[in-house]
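# Architecture and fold: a report
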Amino acid sequence: MRTLHTSDWHIGKRLVGRDRLTEQKAVLSEIAAICEREQVELVLVAGDVFDTFLPSAEAEGVFFHAVKEIAGETRCLLAISGNHDDYVRLTAAAVLAEEQGIYLYGNDGRVPRLFPRNGTCAEEAGANHIVFANGKGEKVFVNVLPYPNEARLKEEKDPNESFADKMRRWIDAGQRENVHSLPSVFLSHLFVAGGSVTEGEREIDLGGARAVPLGLLPPVGYTALGHLHKRQSFKGNVVYSGSILQYSFDEAGAKKSVTVFDLDESGVHGLHEVPLTAGRQLLRLTESDAQRAEALLRQYENCYIELTLYLNEPLLSSQVRALHEANEGLVSVIPFIQGDLAADVPLQRRQMSSKELFTAYYKSLYGEEPSAALTELFLSLTEDADEA
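Anyway, here's the lowdown on the structure attached to this text. Keep in mind that what you see is a predicted model, and the values were worked out from it rather than measured. (Residues numbered from 1 in each chain as written. Predicted model: local features only at pLDDT ≥ 70, side-chain atom pairs only at ≥ 80, totals over all residues. Heavy atoms only, no water.)

## What about the pairing of strand β16 (residues 330–337)?
How we decide: Burial status follows relative accessibility: with a 1.4 Å probe on protein chains alone, a residue under 20% of its type maximum counts as buried, one over 50% as exposed, and anything between as partly exposed. Helix and strand labels come from DSSP, where a helix needs a run of H or I of at least four residues and a strand needs a run of E of at least two; each type is numbered from the N terminus. By this definition, two strands are paired if DSSP reports at least two bridges between them. Consider the strands pointing away from the viewer: the crossover is right-handed when the path from the first strand over the helix to the second runs clockwise.
Extensive coverage of β16 is indicated by the burial of six of its eight residues. Here strand β15 (residues 303–311) runs beside β16; their pairing, made up of seven bridges, is parallel. Paired with L307 across the two strands is V333, which belongs to β16. The β-α-β motif built from β15, the intervening helix α8 (residues 317–326) and the parallel element β16 has right-handed crossover chirality.

Here it is in structure tokens:
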């Protein structure tokens, strides 16, 4: 069965106040076109569909239009909730979506309804798995694990059960449902230990406590992951497809793509990336003169730009206005006054993660690094605040 893997749509996400819904709509239409061109039968969306728990009506409109266009008349789409999604809100339309071949999984344990349709359809489903079959009789089993939110992590089981033990239990529960040993995929939204993060993501490893060891992942044909915005893979078929747009400036120049592959009883075949070209590119530019910076900015149209200026004296407000007039895509100007060591501090702090900032602050107060438990507690509080 030919399958497409995508993730981290972050519909509604803005860039320094800039609305990007038009770009998000364009790139999702591009994914629909790729599905047609590549003759895709099943689409997997590995979480972070929206950027916030309370997406705007416009963002939800983009989502509903996109999944209907992508599923079309003959293919199925399966999406799970990520850490940015309110799974209750994401799955609210599931009873209508399932008739269109669109399946939405959250953390509520709901079992999807099955409907016959032309082409690919869901043939069997449970609270943590689903089986798809195409018109040729080929079947794929998907072990489904949405992002384990705080409520699920605190569920009443063994109070001494570790995060790794919980993950192992949930993963194994899904795999046990594959009683016919069908070709299988593991679909989840989580952080694999050793994954590379970008500025657009929170400090999601929580000091390492929430990192999932690679060896904990199930032995399947393909593991479709979401959470990390930079495309990366482990052991070949354990893949983060990455975000659909460049969402932070440290992704400047990064190529975005989706993954397409065939899966049958003998394994994965023809795995390849398909580039995504819609949306504005992000650029980081540097200059040492404001007038030269204006000329440099005019060279880059239809981009979003972060400009760092190394100067001998502070910028005037008139110079800042001139820079923005030179290119409407300029979203950030970072002035760095050379020779002023204090001026370097904001730039350094801006490049530090939440964990690094907390560690530096704690050391400034107590002269030693915080314990791992204290760091985890701090980061868990910041995660809760971000999700509120």
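## A few points about the packing of helix α1 (residues 21–38) against helix α2 (residues 57–71)
We apply this condition: Lines are fitted to the C-alpha atoms to define the axes, a helix being fitted only along its stretch in contact, and any angle between axes, read from their N-to-C directions, falls within 0 to 180 degrees. Should an angle fall under 35 degrees it is called roughly parallel, over 145 degrees roughly antiparallel, and 65 to 115 degrees roughly perpendicular, with every other angle called oblique. By definition, residues are in contact when any of their heavy atoms lie within 4.5 Å. Here the nonpolar group is Ala, Val, Leu, Ile, Met, Phe, Trp, Tyr, Cys and Pro; Asp, Glu, Lys and Arg are the charged ones; every other residue, Gly included, is treated as polar.
Axis separation between α1 and α2 bottoms out at 9 Å; the angle between their running directions is 10 degrees. By the angle between their directions, the pair α1 and α2 is classed as roughly parallel. Mapping the contact onto sequence places L21, K25, L28, S29, I31, A32 and C35 in α1 and E58, A59, V62, H65, A66, E69 and I70 in α2. Within the contact of α1 with α2, the residues separate by chemical class into nine nonpolar, two polar and three charged.

## Overview of unusual backbone geometry
Phi angles above zero are rare outside glycine, and D8 is one such case at about 50 degrees. Relative to the helices and strands, D8 is located in the loop between β1 (2–6) and α1. Residue classification places D8 among the buried positions, given a relative accessible area of 0%. For D48, which is not glycine, the phi torsion reads 55 degrees and is therefore positive. The residue D48 is located in the loop between β2 (42–45) and α2 in this model.

## Structural notes on the sheet that holds strand β12 (residues 256–264)
If you trace the six strands from one edge of the open sheet to the other, you get β4-β3-β2-β1-β12-β13, paired in mixed fashion. A single partner strand is all that each edge strand has here, and the edge strands are β4 (102–105) and β13 (267–276). On average, adjacent strands in this sheet sit at an angle of 20 degrees to one another, irrespective of strand direction. Along the sheet, α1 makes contact with β1, β2, β12 and β13, crossing β13 at roughly 140 degrees. Running over the sheet, α2 touches β2, β3 (76–80) and β4 and is turned about 130 degrees from β4.

## Looking at the nonpolar core
Among soluble globular proteins, nonpolar side chains are generally buried collectively. As a reminder of what qualifies: Residues enter a nonpolar core if they are buried and are Ala, Val, Leu, Ile, Met, Phe, Trp, Tyr or Cys, with the set joined through side-chain atoms within 4.5 Å.
Grouped together as the largest cluster of nonpolar side chains are 36 residues, with contacts concentrated most on L4, W9, I11, L28, I31, F63 and I244. Membership of the second largest hydrophobic core comes to 23 residues, among which are Y105, F132, V185 and Y222.

## Points about the side chain of H189
Keep this limit in mind: Counting of polar contacts relies on pairs of N or O atoms within 3.5 Å, with two restrictions inside protein: one atom must be capable of donating a hydrogen and the other of accepting it, and residues adjacent in sequence are counted only when both atoms are side-chain atoms.
Looking at the secondary structure, you find H189 in strand β8 (residues 184–189). Here the side chain of H189 touches A46 through a polar contact of 2.8 Å, landing on its backbone oxygen. In terms of polar contacts, H189 uses its side chain to reach the side chain of H227, at 3.3 Å.

## Focus on a nonpolar patch on the surface
Definition in use: Exposure above 30% relative accessible area and the absence of a salt bridge qualify a residue for a patch, where like charges join within 9 Å and nonpolar side chains (Val, Leu, Ile, Met, Phe, Trp, Tyr) within 5 Å. Areas reported here follow the Shrake-Rupley algorithm with a probe of radius 1.4 Å; residue values treat only the protein chains shown as occluding. Take a side-chain nitrogen of Lys or Arg and a carboxyl oxygen of Asp or Glu: if they are within 4 Å of each other, that pair is a salt bridge.
On the surface, a nonpolar cluster with roughly 260 Å² of combined accessible area is contributed by L374, L377 and L381. Its location among the elements puts L374 in helix α11 (residues 372–387).

## A few points about the packing of aromatic side chains
Here is the rule we go by: Aromatic rings from Phe, Tyr and Trp, taking only the six-membered ring of Trp, are treated as a pair when their centres fall within 6.5 Å; an angle between ring planes under 30 degrees marks them as stacked, one over 60 as edge-to-face, and anything in between as tilted. Should the NZ of a Lys or the CZ of an Arg lie within 6 Å of a ring centre and within 35 degrees of the ring normal, that charge is described as sitting over the ring.
Scanning the model with the defined rule gives seven aromatic pairs in all. Aromatic side chains F358 and F378 sit 4.2 Å apart centroid to centroid with 10 degrees between the ring planes, which places their arrangement in the stacked category. In this pair, F358 sits in helix α10 (residues 354–366) while F378 sits in helix α11, placing the two residues 20 residues apart along the sequence. Here a set of aromatic residues connected by ring pairs shows up, and it is made of F50, F63 and F64. The cationic tip of R280 hangs over the ring face of Y304; the distance from NZ or CZ to the ring centre is 4.6 Å.

## What about α2?
Just so we agree on the cut-off: What a helix should span is 1.5 Å times the count of its residues minus one. This arc corresponds to the set of directions leading from the helix axis out to the C-beta atoms.
Over its 15 residues, α2 extends 21 Å from the first C-alpha to the last, a length consistent with the 21 Å expected when each residue adds 1.5 Å. Burial in α2 covers these residues: A59, E60, V62, F63, A66, V67, I70 and A71. Here the buried residues of α2 occupy an arc of 155 degrees about the axis, which is enough to place them on one side. Seen from the buried face of α2, the exposed residues on the opposite side, beyond 90 degrees, are A57, E58 and K68. Two residues or fewer after α2 comes G72, characterised by a positive phi angle close to 60 degrees.

## Overview of the side chain of T91
Along the polypeptide, T91 turns up in the loop between α3 (87–90) and α4 (94–97). Sequence-distant contacts of T91, defined by excluding residues within four places in its chain, comprise L104, Y105, G106 and D108.

## Examining helix α7 (residues 290–297)
Among all positions of α7, only A290, A293, E294, L296 and L297 are buried. Projected onto a plane normal to the axis of α7, the buried residues spread over an arc of 165 degrees and lie on a single side. The secondary structure elements touched by the buried residues of α7 are β14 (281–287), β15, α8 and β16.

## Brief notes about the sheet that holds strand β5 (residues 121–125)
In spatial order, the strands read β5-β6-β7-β8-β9-β11-β10; together these seven strands make up an open sheet with mixed pairing. Here the strands that pair on one side only, and so sit at the sheet edges, are β5 and β10 (232–234). Averaged over all pairs of adjacent strands, the angle between their axes in this sheet comes to 25 degrees, without regard to strand direction. As paired elements, strand β7 (residues 139–145) and β8 share five bridges and run parallel to each other. Considered in β8, the bridge of F141 is made with S184. Where helix α6 (residues 163–176) meets the sheet, its contacts fall on β6 (129–133), β7 and β8, and the angle it forms with β7 comes to roughly 155 degrees.

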